[in-house]
Amino acid sequence: MKKDHLLAKWLNNDLSKDELAEFEASPDFEKYQRIKNYTAHLTIDDLDENAMLSNILKQKKVAGKVISFDKKWMLRIAAVLVLALGITFALRFFTPETQTAGFGEKTTCTLPDNSEVVLNSGSEIKYKKWNWNNDRKLELKGEAYFRVSKGKRFEVHTQLGKVTVLGTQFDVKARNKRFDVVCYEGRVKVNYKHTQIVLTHGQSVTFENEKQVNINVNSLKPEWIDNEISFHQENIRSILDEVERQYNITIELNTNDTTSLFTGKLPSKDLNVALQIIGTTYNLKAKKVSKNKIIFDKK
Amino acid sequence: MPTKNQSNTCDEIFFSTFFKGHIKALRNFLFYKFGNLDHAEDVAQEAFVKLWQNCGSVPLEKAKSYVYTIANNSSLNKIAHEKVVLKYEKNFKGLDKTNESPEYLLEEKQFQAKLLKAIENLNEKQRVAFLMHRIDEKKYSEIALELNISVKAVEKRIHLALLSLRKEIDL
């Protein structure tokens, strides 16, 4: 035991017999004993507890505190919800957004700045919502028609080239080796490999195997939006590819004559008519093997 | 309708019992600290009013430290403290009631007065701990809890209080 607190232990009657005997033998013991005895008789004026209590009970309780326990839980639940929402939002915000149009379907979507994109069958775009208004950049696979809201530079990246615009309407098609851009309104800058050209409304450009073809267009929007497929000097294979995408079918071609080019329109909602037109043009006979498979044979 | 969520501090019977169990000790504690009895009573009452008003958020087992904390905080801002003027029990004349010789009575009076003076002159911390033990008959552990210090610290304060009391009496 610490010597320091000896007096405290004694006052509290906590000393052991030996310690007590030793302390009682000390010369100061009498005086301490007297302090102990006399202080036991100290007193303070009494207190009117009942008057005070009734005073206190008259006070109004703080309203609403009664349900504070529930509130605490509500707050906890709310906090968890907010956190969860926040994480979901952040994830949605920062991960790239993807829009696809499967074979045989078209998808319309709106970008964060209200620009509109119509995806033709078998196409996909990928973009980031985050900071979209300052960095309007998206990746395109396939074909899409854009109606871009005015704003900062808008970029469409494809495997074949890049299209840059400032608020306009245009169509980009990047399939196989062929890269088509049609401008319906405003101005569009097209980058293909080392070439850069600017299209104004009513102009289009096609790059295929390093060859560049410029054509003027009269329509105000792509034909495929109205369920027509338009071709300009395209070979039979890429025409059949497009038909396959539009109708979600497979077409087998048994002919050697694949070089002649086709210019014209095909319906994208009437397979029989489309097949008839192709058959007549190329002198082929279409045979429906199953619901989803067509074979073209030489007549 | 007392529900599980509602703290029983709000129940008048619980509250009254708690009040009666602690009000005097709290008032005394504030008195030891600041020396003014009226002031001590006001602050003690104020603390219990706050407890009653907020009974919903203070469970009974936390009520004690709640009122002591409130009382401590509120008295800090108020007037500088005065001397703690104590007195003895009404019938207390001294320990040796058979000896009524004038010398004895005089010596007795002098001693009692000296002791009160010595207590007044104790430093605040020692006096509070000492009187909580002597007047309120609290255990060291209870004092430690109310003052928010360790039992060892309480013992030290009491020990020092006794030392200085003895010194003063001898003067």
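Residues numbered from 1 in each chain as written. Chains lettered and ligands numbered in written order. Predicted model: local features only at pLDDT ≥ 70, side-chain atom pairs only at ≥ 80, totals over all residues.

A. Highlighting the packing of helix H1 (residues 12-34) of chain B against helix H5 (residues 124-134) of chain B. Residue and element names in this part refer to chain B. It is the contact of H1 with H5, at a shortest axis distance of 8 Å, that shows an interaxial angle of 150 degrees. One element, H1, and the other, H5, form an angle in the roughly antiparallel class. Like other packed secondary-structure pairs, H1 and H5 cross with a definite hand, here right-handed. In contact with Phe29, Tyr32 and Lys33 of H1, H5 contributes Glu124, Arg127, Val128, Leu131 and Met132. Considering only residue class, the contact of H1 with H5 consists of five nonpolar, no polar and three charged. (Axes fitted to C-alpha atoms, helices over the stretch in contact; angles between N-to-C directions. Helix = DSSP H or I, 4+ residues; strand = E, 2+ residues; numbered from the N terminus. Parallel < 35°, antiparallel > 145°, perpendicular 65-115°, else oblique. Left-handed = near helix turned anticlockwise from the far one by under 90°. Contact = placed C-beta atoms within 7 Å. Nonpolar A, V, L, I, M, F, W, Y, C, P; charged D, E, K, R; others polar.)

B. The interface of chain B and chain A, seen in detail. Counting residues at the interface gives 44 residues for chain B and 36 residues for chain A. When contributions to the side of chain B that touches chain A are tallied by element, the ones reaching two or more residues are H1, helix H2 (37-53), strand S1 (87-88), helix H4 (102-121), H5 and helix H7 (151-170) of chain B. Among the residues forming the side of chain B that touches chain A, the class breakdown is 21 nonpolar, twelve polar and eleven charged. Here two bridges tie strand S1 (residues 42-43) of chain A to S1 of chain B, and the two strands are oriented antiparallel to one another. In the strand pairing of S1 of chain B, Leu42 of chain A is matched with Tyr88 of chain B. (Pairing = 2+ DSSP bridges.)

C. Just H1 of chain B, in detail. Residue and element names in this part refer to chain B. The end-to-end C-alpha distance of H1 is 30 Å, a good match for the 33 Å that 23 residues give at a rise of 1.5 Å each. Of all the bends found along H1, the most pronounced is centred on His22 and spans about 40 degrees. In the segment just after H1, Gly35 is the residue with positive phi, at about 85 degrees. (Expected span 1.5 Å × (residues − 1). Bend = angle between axes of the 7 residues up to and from the residue.)

D. Quick peek at unusual backbone geometry. Its identity is not glycine, yet Asn248 of chain A carries a phi of approximately 55 degrees, on the positive side. The residue Asn248 of chain A is located in the loop between helix H6 (236-247) and strand S16 (250-254) in this model. Even without a glycine there, the phi angle at Asn148 of chain B is positive, about 65 degrees. Take Asn148 of chain B: there are 11 C-beta atoms within 10 Å of it, and that puts it in the exposed class. (Buried ≥ 20, exposed ≤ 12 C-beta atoms within 10 Å, placed from the backbone.)

E. How the structure looks around H6 of chain A. All names here are of chain A. When the terminal C-alpha atoms of H6 are compared, their 16 Å separation across twelve residues agrees well with the 16 Å that a helix rising 1.5 Å per residue should span. Three or more residues of H6 are buried, namely Ile236, Ile239, Leu240, Glu242, Arg245, Gln246 and Tyr247. Elements that come into contact with the buried residues of H6 comprise strand S15 (228-235), S16, strand S17 (261-267) and helix H7 (271-282). A positive phi of about 55 degrees marks Asn248, the residue just after H6.

F. Quick look at the environment of Ala71 of chain B. Mapped onto the fold, Ala71 of chain B is located in helix H3 (residues 60-76). Residues contacting Ala71 of chain B, with those up to four places away along its chain left out, are Leu26, Leu30, Val43, Ala44 and Ala47 of chain B.

G. Up close: the packing of H5 of chain B against H7 of chain B. All names here are of chain B. Where H5 meets H7, the closest approach of the two axes is 8 Å, and the angle between their N-to-C directions is 95 degrees. The angle between H5 and H7 places the two elements in the roughly perpendicular class. Note on element contacts: H7 touches H5 through Val154, Arg157, Ile158, Leu160 and Ala161, opposite Lys125, Gln126, Arg127, Ala129, Phe130 and His133.

H. Quick peek at the sheet that holds strand S18 (residues 284-290) of chain A. Residues and elements named next belong to chain A. The strand order S16-S19-S18 describes an open sheet built from three strands, whose pairing is mixed. The sheet is open, and its two borders are formed by S16 and S18, each paired with just one other strand. Each strand axis lies, on average, 20 degrees off the axis of its neighbour in the sheet, ignoring direction. For S16 and strand S19 (residues 293-298), the ladder comprises five bridges, and the chain directions are parallel.

I. Highlighting the environment of Asn256 of chain A. Residues and elements named next belong to chain A. Position of Asn256 among the secondary structure elements: in the loop between S16 and S17. C-beta crowding within 10 Å serves as the criterion here: with 7 such atoms nearby, Asn256 is assigned to the exposed category. The spatial distance from the C-alpha of Asn256 to the C-alpha of Lys298 is 9.3 Å, given a sequence separation of 42 residues.

J. Inspection of the environment of Phe154 of chain A at higher detail. All names here are of chain A. Relative to the elements of secondary structure, Phe154 occurs in strand S7 (residues 154-157). A tally of 24 C-beta atoms within 10 Å means that Phe154 is categorised as buried. Put simply, Phe154 and Thr168 are 14 residues apart on the chain and 9.6 Å apart in space, counted from C-alpha to C-alpha.

This is a description of form; function is not addressed.
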